[in-house]
There are 2 protein chains.
Amino acid sequence: MGKMMRVNMSELKVAVEETPKDYLGLGGRGLTSALISKEVPPTCHPLGDKNKLVFAPGSLSGTTAANNSRLSVGLKSPLTGGIKESNAGGTTAFKIGRLGLSAIVVEGINQDGKWRLLHVTKDGGKLVPAEEYRGLKNYPLVKKLQDRFGQKVGILSIGPVGEMKLSTATIASTDTSGFPCRHAGRGGPGAVMGSKGLKAIVIDDTKAPGVSIANPDKFREGAKKFAKAVQDHPVTGQGLKILGTNMLVAPINAAGAYPTRNFREGTFAGVEKVSGEYMHEVITKRGGNPSHAGCTTCIIQCSNVYVDKKGNFITSAFEYETIWANGANLGISDLDSIARIDRLCDDYGIDTMEIGGAIGVAMEAGIRPFGDAKAALELIKEVGKGTPLGRILGSGAWVTGKVFGITRVPVVKRQTMAAYEPRAIHGMGVSYATSPMGADHTAGWVVNTNLAGLGGKLDPHKAEGQVDTSRMVQILTAAMDCTGLCTFVNFPVGDIPEGGQGLMEMMSALFGVDMTFDNVVDLGKKVLKIERAFNLAAGLTKADDRLPDFMIEEKIPPHNVSFTVSDTELDRFFEF
Amino acid sequence: MGKMMRVNMSELKVAVEETPKDYLGLGGRGLTSALISKEVPPTCHPLGDKNKLVFAPGSLSGTTAANNSRLSVGLKSPLTGGIKESNAGGTTAFKIGRLGLSAIVVEGINQDGKWRLLHVTKDGGKLVPAEEYRGLKNYPLVKKLQDRFGQKVGILSIGPVGEMKLSTATIASTDTSGFPCRHAGRGGPGAVMGSKGLKAIVIDDTKAPGVSIANPDKFREGAKKFAKAVQDHPVTGQGLKILGTNMLVAPINAAGAYPTRNFREGTFAGVEKVSGEYMHEVITKRGGNPSHAGCTTCIIQCSNVYVDKKGNFITSAFEYETIWANGANLGISDLDSIARIDRLCDDYGIDTMEIGGAIGVAMEAGIRPFGDAKAALELIKEVGKGTPLGRILGSGAWVTGKVFGITRVPVVKRQTMAAYEPRAIHGMGVSYATSPMGADHTAGWVVNTNLAGLGGKLDPHKAEGQVDTSRMVQILTAAMDCTGLCTFVNFPVGDIPEGGQGLMEMMSALFGVDMTFDNVVDLGKKVLKIERAFNLAAGLTKADDRLPDFMIEEKIPPHNVSFTVSDTELDRFFEF
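Model, not experiment: these values are computed from the prediction.

K.L.:
Quick question: what am I supposed to make of the pairing of strand 6 (residues 101-107) of chain A here?
P.N.:
All names here are of chain A. Of all 7 residues that make up strand 6, 7 are buried, and the element is covered over most of its length. Judged from the 6 bridges that link them, strand 1 (residues 3-8) and strand 6 form a sheet pairing that is parallel. Across the sheet, residue Lys-3 finds its bridge partner in strand 6, namely Leu-101.

K.L.:
Explain the environment of Asn215(B) here, please?
P.N.:
Residue and element names in this part refer to chain B. Looking at the element boundaries, Asn-215 is found in the loop between strand 12 (198-203) and helix 6 (216-232). For Asn-215, a relative accessible area of 32% gives the class partly exposed. In sequence terms Asn-215 and Ala-373 are 158 residues apart; their C-alpha atoms lie 54 Å from each other.

K.L.:
Sorry, what's going on with the interface of chain A and chain B here?
P.N.:
Across the contact, 35 residues belong to chain A and 35 residues belong to chain B. Counting each side, the surface lost to burial between chain A and chain B is near 2600 Å², with a carbon and sulfur contribution of 57%. With a closest N to O distance of 2.4 Å, Lys50(B) and Glu553(A) form a salt bridge. Our count for the contact surface shared by chain A and chain B stands at 12 residue pairs in polar contact (both at pLDDT 80 or more). Listing elements by their share of the side of chain A that touches chain B, those giving two or more residues are helix 14 (388-394), helix 15 (397-404), helix 21 (517-538) and helix 22 (549-553) of chain A. For the side of chain A that touches chain B, the element with the highest residue contribution is helix 15 of chain A, accounting for 5 residues. Residue composition of the side of chain A that touches chain B, grouped by class: 18 nonpolar, 9 polar and 8 charged.

K.L.:
What's the story with the pairing of strand 15 (residues 313-316) of chain A in this structure? I'm lost.
P.N.:
Strand residues, when the strand is regular, have side chains that alternate between the two faces of the sheet. All names here are of chain A. In terms of strand pairing, strand 14 (residues 303-307) meets strand 15 through 3 bridges, oriented antiparallel. Of the residues in strand 15, the one forming a bridge with Val-305 is Ser-316. Between strand 14 and the antiparallel strand that follows it, strand 15, lie 5 residues; Gly-311 among them carries a positive phi value of about 90°.

K.L.:
What am I meant to see in the environment of Gly108(A) here?
P.N.:
Residue and element names in this part refer to chain A. With respect to the helices and strands, Gly-108 occurs in the loop between strand 6 and strand 7 (116-121). The spatial distance from the C-alpha of Gly-108 to the C-alpha of Leu-166 is 18 Å, given a sequence separation of 58 residues. Residues within four places of Gly-108 in sequence aside, it is in contact with Met-9, Ser-10, Asp-49, Asn-51 and Lys-196.

K.L.:
When you look at helix 18 (residues 466-480) of chain A in this model, what are you seeing that I'm missing?
P.N.:
Two residues of an α-helix separated by three or four positions point the same way, owing to the 3.6 residues in each turn. Residues and elements named next belong to chain A. With 15 residues, helix 18 extends 21 Å between its outermost C-alpha atoms, agreeing within 8% with the 21 Å of an ideal straight helix rising 1.5 Å per residue. Taking burial as the measure, the 15 residues of helix 18 include 12 buried ones, the bulk of the element. Residues of helix 18 that are buried: Gln-466, Val-467, Thr-469, Ser-470, Arg-471, Val-473, Gln-474, Ile-475, Thr-477, Ala-478, Ala-479 and Met-480.

What counts and how
Residues numbered from 1 in each chain as written. Chains lettered and ligands numbered in written order. Predicted model: local features only at pLDDT ≥ 70, side-chain atom pairs only at ≥ 80, totals over all residues. Heavy atoms only, no water. Buried < 20%, exposed > 50% of the residue type's maximum accessible area, 1.4 Å probe, protein only. Helix = DSSP H or I, 4+ residues; strand = E, 2+ residues; numbered from the N terminus. Pairing = 2+ DSSP bridges. Contact = heavy atoms within 4.5 Å. Buried area = accessible area lost by both parts, 1.4 Å probe. Salt bridge = Lys/Arg side-chain N within 4 Å of Asp/Glu carboxyl O. Polar contact = N/O pair within 3.5 Å; in protein donor to acceptor, adjacent residues only side chain to side chain. Nonpolar A, V, L, I, M, F, W, Y, C, P; charged D, E, K, R; others polar. Expected span 1.5 Å × (residues − 1).

In short, the description is geometric, and any link to function would need to be established separately.
Here's what the structure looks like:
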């Protein structure tokens, strides 16, 4: 992992250099955040030529470790105005890792307004004219690119919404079936890619050298232990395979924490029709695939292939957050419609979570009625077409609230929350408030420490212990986000001794050093501190580490709870 | 000025109380900023029930002092997210002052979604149902209110855009002819009034007690001296009367500082058709009035009545900033079209400056072509109708830039700049960057210290001396904004010894103390520090005290200058 590719869009030059010393040994989020922090002026315009877009596979990406194909995308976010690491699965992290690249760094802005794509092979990178792909949606785009560059390439691409530079724009990453259904979605990375005039990155790892590992034998042993733990854990070995990520619907709804109709209620009347169990039944009955391994080296198979009544493909990687944001959050319980929304979002390159948040706010404003699936689908099409209404929604929930004069806007740092009501799960509120990423569920997923049914010991309706727990989890998560491993391996790593051991052995063998748990904690702290410092320099303050007023003032049914973690408590978060 | 009216929209109660001790002796901006700072939580949602809207006449409003009818409107701004004092002329400050009220404070939010108006008389205030006025534009609205409450009342009102709670929404203040053409425009005060469900405030000062003055004889002498200086100064005694505020077009354009086509150039090819001289000629020829005294006690007469070719009224108070924002800024040189835009904005209740900025950004995005007057007029109508495109524009230039993916957005703290290109007049750049109000020309007008032709001694293209000068002017302006006097009296007060003396004598006589120049400076400093502290607590930082990237990176013709005041220099501003 000693090389880094620099792609200068202003000068149309690509160069491969030794990875600068400062970034050596860092992978994934650790590398993207370090680089953005060092090389991007914190106050620059996110769509201007000083912003950079960094694609970094994790330290383990491209190896034989199970579930190693998460790609970190780093940038100054047009959505939050702060630093952002958005990540995606699929095949691209693995291939970039195998090519021996620690990162691809895209800099500058095309001066001629013309679109290009980057073709990456073992021999380096080339910028190729791509005007012919202008305006293409992701599915037809990757089809054309696969036909041109080979079926086995991995592709990162933006759809029309990235071209429009809207803050909900994603970067799609093709999965193992070649579908552009895995997305670095949060925070608008697609808008930054669009601002630079880069339509796609095609990654061909044919004859790639592979990841160099200091101690291959030791690595193999660790990898075996690690994989076994992943398979042995009930969540990663069974639950996710059968029900997908949507397995969470039932327990979260039961906890009164399934945000419904723009966070008005914590339970959804139509919950049975959007649950993991129901989805499994539908997919199985119709001949789809409920247990798809979408990411290279995946042994969890949380993904799926969702088909219509006739068995025709609608979408793949149809997940918990998407189903919630465009389901319960909009009062919609028609799974087929939500699947079509997911497909449209994948095609246009729209973050399913942020757009669901935006449509929820628009429904709050009465633009369309809650529960109207057809209207929601049409609104997504407006985003894809770039109509004024579509552009409003495509700019995210915060802008939508501003434009429609709405105060019930469920965002932190202008980013929409996830499918965990922070009043009913206080710990998630702390993570939303304090994560440098804005309201982000993956940065500090403390649901299992809050809900008794999932083994939690904290009172989810009380402040006590929440800040300390969220801090610990956010630190460990930041470290894990450097590895390129799927976030779900946190279950076996945390719960099964051999899982953690296997991971430490792999890391130690990779770098040829003896990694300790303290090293992991130090890494996580370092990453969080880098990100925090960038945000402060960018002009964010503790006033941005707050949930919206309505969550403190309004009690949410069925438990009739408000968010009670004090500002003083929240401000303790960064005391480490 | 010992009483204050509290209007609670949540409880629908109106009470008159003794002015709390903290606010005694403060008027205008000093009072609004002190009250907002003390009573509004800095991080609250600007459209939520914790924000307040404060209407404060100046200390001299309602007296016999010349030009005393400026009304300060205080709030947390939905546009900037910081504290805001927006002010307007007309007749209302004078009437509120005569009623013995130091302020009308509107609190809370109507709970039933119904519109009301506040009727203020010498006997107090009453909330009156106003559903029948819902959706009315300002001109027809004030007509109905004058018919109902009498022709002599002063009226503060919002149009449809205030009802929509858009960030460009103004509060109109009727002028001496009863037209709603004077607006507290900047920062979205109309949106906050709309959020509270208050459509209008009708002020009837019949049999009002008048302002109590400690030493009436001394006051009369000071007022006489002051008025004479106003009449003797070439700007306030002649220039503004003949050419209106638009007298500035020629010198600013000559300095290469007249921002053209979204701040792409500093001179406008069509300048002759939008100049003060040309406007005077047109108005005179058509039988309009080029020298109208729009504000009570005005002896300057900078206002006008602009008529069409047949002599029919189009608009009144047709001013420099409006003509620029919707003229040169959009590449438009058709004065009649700009006048119609002004009328539409007055009617809908839209800040002519912010909307011009927003349309400029939309034209930058290619939504409509620069120079297309008809398109600009139609866009204003879209705002009034609240179409999605209209709502985008009506949310201001910053949101428009975000929604259309544009980086050339001429704002500071999300507020559009005024008709002084900061690269060609560095001092205005410093004021834009540092004023707690966001980019605001009135908060620190240093044009005359920068341009040699207006007596300036600083090099307008250099940083040297700019921060110190802007600081001094901002301090004095903040103090003057407490008096209720027209901003133009700063010319005679600064340039003619008797002007300053007269003012000090009036203030001393009013309060029965001996005011000194040091008192004035202390007051100005105090006001600025209160505002700065609120902004910091609201989450603004020095990163918000910056001009946009493009003004540092792009040189503007004809002088080919960029903005060169360093961040370090800007950060010195608040060292006092």
